[in-house]
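Tertiary structure, described
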Amino acid sequence: MAEKVSFEDKLKQLEVIVSALEKGDRPLETALTDFQTGVALAKDLQKTLQDAEKTLAKVMDDDGNLTDLELTNND
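Quick look at the structure, then.

Rules used in this analysis
Residues numbered from 1 in each chain as written. Predicted model: local features only at pLDDT ≥ 70, side-chain atom pairs only at ≥ 80, totals over all residues. Heavy atoms only, no water. Helix = DSSP H or I, 4+ residues; strand = E, 2+ residues; numbered from the N terminus. Buried < 20%, exposed > 50% of the residue type's maximum accessible area, 1.4 Å probe, protein only. Contact = heavy atoms within 4.5 Å. Areas by Shrake-Rupley, 256 points an atom, 1.4 Å probe, with all protein chains shown as cover. Axes fitted to C-alpha atoms, helices over the stretch in contact; angles between N-to-C directions. Left-handed = near helix turned anticlockwise from the far one by under 90°. Nonpolar A, V, L, I, M, F, W, Y, C, P; charged D, E, K, R; others polar. Expected span 1.5 Å × (residues − 1). Arc of directions from axis to C-beta.

This paragraph deals with the overall build of the protein chain. The helix and strand tally for the protein chain stands at 2 helices and 2 strands. Ordered by position in the sequence, the α and β elements of the protein chain form the string α-α-β-β. Within the span of the protein chain, comprising 75 residues, buried residues form 12% of the whole. The contacts in the protein chain between residues at least 6 apart in sequence include a share of 38% that link residues at least 24 apart. Summed over its atoms, the accessible surface of the protein chain is roughly 6,700 Å², and 55% of this surface lies on carbon and sulfur atoms.

Here it is as structure tokens:
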């Protein structure tokens, strides 16, 4: 089974791609492939962040069950 790439590693890969594309000295075919890879990485990173946000919006009760976090404003 392939090792799962971390969020940080994917982000670094995206940064490298963006930096290379910004230089503008890549052949069109390579730039297009890099762009497609970058878009896929960005979507994957966004999904990871959305999933983390959903997890953080839940709390564990005494029985170990996750429930929605209820924010209250007690002014």
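Our focus in this paragraph is the packing of helix H1 (residues 7-23) against helix H2 (residues 28-56). Contact pair H1 / H2: the axes reach a minimum separation of 9 Å and the direction vectors enclose 145°. Remark: the crossing between H1 and H2 carries left-handed chirality. On the side of H1, the interface is formed by Phe7, Lys10, Leu11, Gln13, Leu14, Ile17 and Leu21, while H2 contributes Ala31, Asp34, Phe35, Thr37, Gly38, Leu41, Ala42, Asp44, Leu45, Thr48 and Leu49. When the residues that make up the contact of H1 with H2 are grouped by side-chain class, the tally is 11 nonpolar, 4 polar and 3 charged.

What follows deals with the environment of Leu11. Within the secondary structure, Leu11 is located in helix H1. A relative accessible area of 33% means that Leu11 is categorised as partly exposed. Separated by 31 residues in the primary sequence, Leu11 and Ala42 place their C-alpha atoms 8.1 Å from one another.

This part is about the side chain of Asp34. Relative to the assigned elements, Asp34 resides in helix H2. Overall, Asp34 belongs to the buried group, its relative accessible area being 14%. With sequence-adjacent residues up to four places away left out, Asp34 is seen in contact with Ile17, Leu21 and Arg26.

End to end, H1 covers 25 Å across 17 residues, agreeing with the expected 24 Å (1.5 Å per residue, within 8%). Within the sequence span of H1, burial applies to Lys10, Leu14, Ile17 and Ala20. The buried residues of H1 occupy an angular sector of 125° when the element is viewed end-on, so they sit on one face. Opposite the packed face of H1, turned more than 90 degrees from it, sit the exposed residues Glu8, Lys12, Glu22 and Lys23. Contacts from the buried residues of H1 go to H2. A positive backbone phi angle near 75° is found at Gly24, which sits one or two residues after H1.

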